[in-house]
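Letter by letter, the chains look like this.
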Amino acid sequence: MWTFFHRLASPPYFYGLSGRLLPWLAWLTAGLLAGGIFSGLVLAPTDYQQGDSYRIIFIHVPSAWMSLFIYVVMAASGVIGLIWRIKLAEIVSTVSAPIGAWFTFIALLTGSLWGKPMWGTYWVWDARLTSELVLLFLYLGVIALYTAIEDPRKGARASAILALVGVINIPIIHFSVEWWNTLHQGATVSRIGAPAIDISMLIPLLTMALAFKLYYVCLLLLRTRSVVLQRERNSAWVREELLGT
Amino acid sequence: MKSLSEFLSMGGYGAYVWSAYGICTAIMVWNVVQARSQARQTVQRIKKRLQQGNNSQ
């Protein structure tokens, strides 16, 4: 296991392996997305309380999960980069930030489009909504800090520290619906006991969640490959990879 | 089976549901397109540089 991680951290090995994996992952993601959207919009029954407006859940909840998941990946790989100076971990951390910011934006936007017909407003300063907005600003802060520092490795270290400090917001977002009396509904899937959602709605939701996770992996690999190639442009393996000599 | 217009109206919530799905799709597609063109450009640029380096030697 450790030897695998060691090998994975070597740029030429990562570049070769990710290049072989990407087409398969991309097709799997596309298939899951198509299946998830079809079952969410067509097969899943209409909700008895919220009508068809609830169908926004199939993109809202997976993107909100991704906004938290990517933040943790970004902070964790940032710390690994800080401590062990592994270049690949630094790249994974900095490349994750814009993807996470986009998912946070999607979560906020789809939530607002769901809130208007159900709560009667696009936005309230509710604990869940506010802490998710803070998450968006944290992402933007990490991106801004990284781009402001000219040396990419120094930039990666500075933004990793900021990302680490911001981790405090993650449990706040997760538990906000329990700690405060919020307008946002409580957890329906990740709670003790059976999920409070019917299986016919749970399957498309989990399909979409898996599809979004794979989408992130694909985008992460694609973007990391470009940065790795750019950073290693003077090394022998890049020459061999691109020119075959 | 529901009719197509019934499906599109989403029980009166069509505007909300379709704009949510539309914007989400647009963002996700744009991100992939952008990343792919960046990847292609990086490969092209480095290839060109390496080839120029070969010629000057």
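Quick caveat: nothing in here was measured; it's all calculated off a predicted structure.

### Some details on the overall build of chain A
Scanning chain A from terminus to terminus reveals nine helices and zero strands. From first element to last, N terminus to C terminus, chain A shows the α and β order α-α-α-α-α-α-α-α-α. In terms of principal-axis extent, the alpha carbons of chain A reach across some 65 × 35 × 30 Å. Pairs at least 24 residues apart make up 76% of the contacts formed inside chain A by residues separated by at least 6 positions.

### Considering the confidence of the model for chain B
Of all residues in chain B, 89% have pLDDT values of 70 or greater, and the mean over the chain is 89. The ipTM, which scores confidence in the relative placement of chains, is 0.90 for this predicted complex, and the corresponding pTM is 0.93.

### So, the interface of chain B and chain A
On the chain A side, the residues contacting the 23 residues of chain B number 28 residues. Of the residues that constitute the side of chain B that touches chain A, the class distribution is 16 nonpolar, five polar and two charged.

### Here's the deal with the confidence of the model for chain A
Overall, the predicted model of chain A reaches an average pLDDT of 92, with 97% of residues at or above 70. Here helix H1 (residues 2–8) of chain A stands out as the least confident element of chain A, with mean pLDDT 79; helix H3 (residues 57–84) of chain A is the most confident, with 96.

### Some thoughts on helix H5 (residues 127–148) of chain A
All names here are of chain A. Taking 1.5 Å per residue as the helical rise, H5 with its 22 residues ought to reach 32 Å, and the 31 Å between its terminal C-alpha atoms agrees with that figure. Restricting attention to buried positions, one finds in H5 the residues Ala127, Arg128, Leu129, Glu132, Leu135, Leu138, Tyr139, Val142 and Tyr146. Contact partners of the buried residues in H5: H3, helix H4 (87–119), helix H6 (152–166) and helix H7 (169–179).

### Topic: H3(A)
Owing to its 3.6 residues per turn, the α-helix brings residues three or four apart onto one side. If you check H3(A), its first and last C-alpha atoms are 40 Å apart, about what 28 residues at 1.5 Å a residue would give, namely 40 Å. At the C-terminal side of H3(A), Arg85(A) shows a positive phi close to 55°.

### Looking at the nonpolar core
In this structure, Ile56(A), Ile59(A) and Ala20(B) are the most contacted members of the largest nonpolar core, which totals 53 residues. Sorting the residues of this core by element identifies H3, H4, H5, H6 and helix H8 (199–231) of chain A together with helix H2 (14–56) of chain B as the ones contributing at least two each. Ignoring anything within four residues of it in the chain, the contact list for Ala20(B) reads Ile56(A), Ile59(A), Thr110(A) and Leu113(A). Grouped together as the second largest cluster of nonpolar side chains are ten residues, Ala89(A), Ile91(A), Val95(A) and Ile46(B) included.

### Regarding the packing of H3(A) against H4(A)
Residues and elements named next belong to chain A. H4 packs onto H3 with a crossing angle of 160° between their chain directions and a minimal axis gap of 7 Å. In terms of their interaxial angle, H3 and H4 are classed as roughly antiparallel. Relative to H4, H3 is oriented so that their crossing is left-handed. Class assignment of the residues belonging to the contact of H3 with H4 gives a composition of 16 nonpolar, twelve polar and one charged.

### Some words on unusual backbone geometry
We note that Arg85(A) has phi near 55°; this positive angle belongs to a residue other than glycine. For Arg85(A), the location among the structural elements is in the loop between H3 and H4. You will see that Met10(B), though not glycine, has its phi angle at about 50°, which is positive. With respect to the element layout, Met10(B) can be found in the loop between helix H1 (4–9) and H2.

Cut-offs applied
- Residues numbered from 1 in each chain as written.
- Chains lettered and ligands numbered in written order.
- Predicted model: local features only at pLDDT ≥ 70, side-chain atom pairs only at ≥ 80, totals over all residues.
- Helix = DSSP H or I, 4+ residues; strand = E, 2+ residues; numbered from the N terminus.
- Contact = placed C-beta atoms within 7 Å.
- pLDDT = per-residue confidence, 0-100.
- Nonpolar A, V, L, I, M, F, W, Y, C, P; charged D, E, K, R; others polar.
- Expected span 1.5 Å × (residues − 1).
- Buried ≥ 20, exposed ≤ 12 C-beta atoms within 10 Å, placed from the backbone.
- Core = buried A, V, L, I, M, F, W, Y, C linked by C-beta atoms within 7 Å.
- Axes fitted to C-alpha atoms, helices over the stretch in contact; angles between N-to-C directions.
- Parallel < 35°, antiparallel > 145°, perpendicular 65-115°, else oblique.
- Left-handed = near helix turned anticlockwise from the far one by under 90°.

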